[in-house]
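# Chains, contacts and geometry: an overview
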Amino acid sequence: MPPEVGSRRTTRGRVVVGVALVAVVALLATLLIVWWPESTRPDGRPKKDTAVGAAEDVTAAAVNLAASGLVVYEGRYTDPMLGRSRTRTQVTPGGTMLAETTVDGMTLKTMTVDGKTFVKADVSFWRRFGIPDKTGSTYGDNWVKTPSLGRSATNASLQQFAPDTIARELRREADKRLVRRGGLSTVGGVEVRRYTTPTRVVHITAEPPLRIVRMAPVAPRSGGGPSGPSADAPSGKPSWPSDMPSLPSGFPSLPSDLPSLPTAWPTGLPSLPPISPAGYHAGPGGGSADPVRAVGDDGGSYSVDLPPLTDTQRKSFQREVEKNVKELGNSIDLGVNFSVSGNVTLSPCSTSGCVANVTINNSITPGPDVRPAGDVSAEVTISVTLDGRPVGQCSQSVSMPPNGSARVSCPGNFYIPPSRNPRTHMVRAEAQAVARAMVQKEIKRVLSDVARDWKRNSPDYGVPGLSSPLKGSTDKPNKFTYRNPALGRANEPEPDAADIAAAQTVKNPASGTRDHMYKTWSKYLQRKATENKSPKSWTNWRKNYVENQGNPYKGEGFEGGFAQTNELNAEDGWLWGDFAQQLTSREMMNKITAVDRQPDIVNFDKKVLYELKFGSSPVKEDQVAKDAQLVKQGWRIIYIFSKRPRPGEREMLEKAGISWKVWKAVGTAVP
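The following paragraphs examine the structure supplied in this document.

### Brief notes about the nonpolar core
The biggest cluster of nonpolar side chains holds 50 residues, and the ones touching the most others in it are Y73, I212, F604 and Y639. For this core, the leading source of residues is helix α2 (residues 51-67), giving 9 residues. Excluding residues within four positions of it along the chain, Y639 makes contact with R597, E611, K613, V619, Q623, V624, D627, L653, I658, S659, W660 and K661. Grouped together as the second largest cluster of nonpolar side chains are 27 residues, V340, A378, C394 and C410 included.

Below you can see the structure in the form of structure tokens.
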């Protein structure tokens, strides 16, 4: 079935990093708690559109959201601490995320991959919060992993905005008929209709194919419980989600003999940035959105738009993720703290130079975001000076057990001529260590995982007849079974007048029953008499009757046999037969695709449709015309024949851009 539908140390700068990052998280997580008021404009829909129709609309939009593969959330956010910002977040079904937030001309980037969250900001951003330029340049040039965003609870908050997660929630609410339809409006020049569920307000295109254009959260009532679309604005303050990360209250300070960063915390810093009650505007072109009602005295409001994406944009996102993952070889893990064990020694040391030796200890910041099993990778830099003048510096990559240590040495080469001896000289060595969030081995694995995820979510992956050959027999017909309710009538004796009269008293007898058989025989005899033709014998007619009662089920049997043999499973998004439910009805297909089409086998996630033709079932021109419309929308249509189609049929399909395959088959009737 389709989806229903790091670390940180105690420094002033790092604290604000957490706040700035949480602003991104808050942008996503708070989508659960803001109310968009109901429009008073007339509905304009015919009376037949009830709660069921609204649920179907949301379901269709959720199906298209899950099929999008990549979703972009765009919007602006106003915060009294960070100022007015604009955020663009891209999320894949698997939870890989890239976000870019602009604050006062400064840019903050966020990436979530492999269950870890990294951030990158330029020097001016770090300087704004008191981080020295030297340290800020180190941060600004690299991705930084932080515990606050690396925790599993936060990742869960980000994960819930993966397209398939939202689609699953919307479909679950639609299945329970918890959807209210609102009025019409316009977003970015697109006519939309508002729908409200217990968790979200979604603006969906007014005409098929139905697609989510804007989304905002529903605010809770002040007395508890979700607001309905016609409820007044809640007066209480919003309650933040319980899984939002809070900033830590303290970290161990760096040892005095290592170059340290400021340790003072700014006063009055909240665990999450307050939302400004100021107005909010969203939209790809920066245009004003509809006004949104604020929540509480110090609450605010916002919304996000979901612009449609092209294949070029999706491929660009994939390249950007791969590029950023490769940069993680220089990433900084602030969840690992370092200290020097004992004194830095200079040995051997002579007038020709000294070798600095230092033992580095590491400690893992406690918390839910624990490092995976394995050694800590660190880049240790030792600087050697002679009488205050730099004479040597080297960097080494070392590995050590978590909460363990490693020995590092670095030569400082210099020359003191005899004419300057005897004299006291000051040789000084300083060491600084930075933990790497990922080593090359991990990066290769992540790149492989990302590529595999993209392949798994690609339209052609797992599609027999496109990405792989059809399964089953290739040299003889594949066997399938189909239902025939009349098999028990193969030896039925010829009825007499009393039998036929008794059958006439039964209203709408089921196919294959004795009464149905006798009434059909009687109509046959009457027709032949009217035509003044001799009827077949009972024996010959009986044989044809039994076979004909199974014909309506042959196509279903062929469909099921093909689907089962080719492993088109419901858990992979394939719908057919009883699994299809209402999604494959003509009405739902029209809402999802804007094409009046009832498929045999379909996968909305992959935009793939199989049309099966058993025996002499003809290819219809009007159906091919509809399938050609789907092809223009990016769908792949595959016709499966039990025998080779006629030349005219092949030409018609190929001209429409439709693939066809032959899957020989023979059916056996069962009761």
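### Notes on helix α7 (residues 163-175)
Owing to its 3.6 residues per turn, the α-helix brings residues three or four apart onto one side. Over its 13 residues, α7 runs 18 Å from end to end, which matches the ideal 18 Å to within 8%, given 1.5 Å per residue. Where burial is concerned, most of α7 is hidden: 10 out of the 13 residues are buried. Turning to α7, its buried residues are P163, D164, T165, I166, A167, E169, L170, R171, E173 and A174. Directly after α7, the chain includes R177, whose backbone phi takes a positive value near 60°.

### Remarks on the packing of α2 against α7
Relative orientation of the contacting elements α2 and α7 amounts to 165°, with a least axis distance of 8 Å. Our classification of the angle between α2 and α7 gives roughly antiparallel. As α2 packs across α7, the resulting crossing turns out to be left-handed. Between α2, through A55, V58, T59, A62, V63, L65 and A66, and α7, the contact on the second element is made entirely by P163, I166, A167, L170, R171 and A174. The residue makeup of the contact of α2 with α7, split by class, is 11 nonpolar, 1 polar and 1 charged.

### Details of the sheet that holds strand β19 (residues 427-435)
The strand order across the open sheet formed by 3 strands is β17-β16-β19, and the pairing between neighbours is antiparallel. The open sheet has two edge strands, β17 (389-400) and β19, and neither has a second partner. Across the sheet, the axes of successive neighbouring strands diverge by a mean angle of 20°, strand direction being ignored. Taken together, the 9 bridges between strand β16 (residues 376-386) and β19 define a ladder with antiparallel strand orientation. If you follow A378 over to β19, its bridge partner there is A435.

### A closer look at the packing of aromatic side chains
Given two aromatic rings, their pairing is described by the distance between the two centres and the angle made by the two planes. Summed over the entire model, instances satisfying the criterion amount to 16 aromatic pairs. Taken together, F480, Y482, F558, F562, W574, Y610, F614 and W663 form an aromatic cluster joined through their ring pairs.

### Notes on the packing of helix α11 (residues 514-531) against helix α12 (residues 538-565)
Here α11 crosses α12 at 120°, and the two axes come no closer than 11 Å. Regarding the angle of α11 to α12, the classification is oblique. In terms of crossing hand, the pair formed by α11 and α12 is right-handed. Where α11 abuts α12, its residues H516, M517, Y518, T520, W521 and Y524 lie against W538, W541, R542, Y545 and Q549. For the contact of α11 with α12, the class distribution of residues is 7 nonpolar, 3 polar and 1 charged.

### Focus on the sheet that holds strand β25 (residues 659-662)
Judged by pairing direction, the sheet is mixed, and its 5 strands sit side by side in the order β21-β22-β23-β24-β25 without closing on themselves. In the strand order of this sheet, the two ends are held by β21 (575-576) and β25, each with one partner. Across 4 bridges, the pairing between strand β24 (residues 636-641) and β25 is parallel. Paired with Y639 across the bridge in β25 is W660.

### Focus on the environment of L328
Positionally, L328 belongs in the loop between α8 (311-326) and β12 (332-333). Taking the C-alpha atoms as reference points, L328 and R436, 108 residues apart in sequence, are found 8.1 Å from one another. Once you skip the residues sitting within four places of it in the chain, L328 turns out to touch M111, V113, F118, W143, M438 and I443.

### Quick notes on the pattern of salt bridges
What the rule picks out here adds up to 26 salt bridges. Here E56 makes a salt bridge to K591, at a shortest N to O gap of 3.2 Å. Of this pair, E56 sits in helix α2 while K591 sits in helix α13 (residues 586-593), and the two are 535 residues apart along the sequence. For the pair shown, E56 and K591 are each scored as buried. Taking the shortest distance from any N to any O, the salt bridge between D114 and K116 comes out at 3.0 Å. You can call D114 partly exposed: its relative accessible area is 30%. Residues joined in a network through salt bridges with shared partners are E56, D57, R181, E587 and K591.

### Concerning the pairing of strand β10 (residues 212-217)
By the criterion of burial, β10 is predominantly enclosed, with 6 of the 6 residues buried. The pairing of strand β9 (residues 200-205) with β10 spans 5 bridges and is antiparallel. If you follow I204 over to β10, its bridge partner there is I212. Remark: 6 residues form the turn of the hairpin made by β9 and β10, two consecutive strands paired antiparallel. For β10 and strand β11 (residues 304-305), the ladder comprises 2 bridges, and the chain directions are antiparallel. Residue pairing for β11: M215 is matched across the bridge by V304.

### A word on unusual backbone geometry
With omega at -5°, the peptide bond leading from P208 into P209 counts as cis. Here the residue pair S347 and P348 is connected by a cis peptide bond, since its omega of -5° sits within 30 degrees of zero. Assignment of secondary structure puts P348 in strand β14 (residues 345-350). The backbone of E567 shows a phi angle near 55°, a positive value even though the residue is not glycine. With respect to the helices, strands and loops of the structure, E567 is situated in the loop between α12 and β21. Positioned with a positive phi, A594 is a non-glycine residue whose angle comes to about 70°. Take A594: it is sitting in the loop between α13 and β22 (601-603). Under the relative-accessibility criterion, A594 is labelled partly exposed at 30%.

Cut-off values and rules
Residues numbered from 1 in each chain as written. Predicted model: local features only at pLDDT ≥ 70, side-chain atom pairs only at ≥ 80, totals over all residues. Heavy atoms only, no water. Core = buried A, V, L, I, M, F, W, Y, C linked by side-chain atoms within 4.5 Å. Buried < 20%, exposed > 50% of the residue type's maximum accessible area, 1.4 Å probe, protein only. Helix = DSSP H or I, 4+ residues; strand = E, 2+ residues; numbered from the N terminus. Contact = heavy atoms within 4.5 Å. Expected span 1.5 Å × (residues − 1). Axes fitted to C-alpha atoms, helices over the stretch in contact; angles between N-to-C directions. Parallel < 35°, antiparallel > 145°, perpendicular 65-115°, else oblique. Left-handed = near helix turned anticlockwise from the far one by under 90°. Nonpolar A, V, L, I, M, F, W, Y, C, P; charged D, E, K, R; others polar. Pairing = 2+ DSSP bridges. Phe/Tyr/Trp six-rings, centres within 6.5 Å; stacked < 30°, edge-to-face > 60°. Salt bridge = Lys/Arg side-chain N within 4 Å of Asp/Glu carboxyl O.

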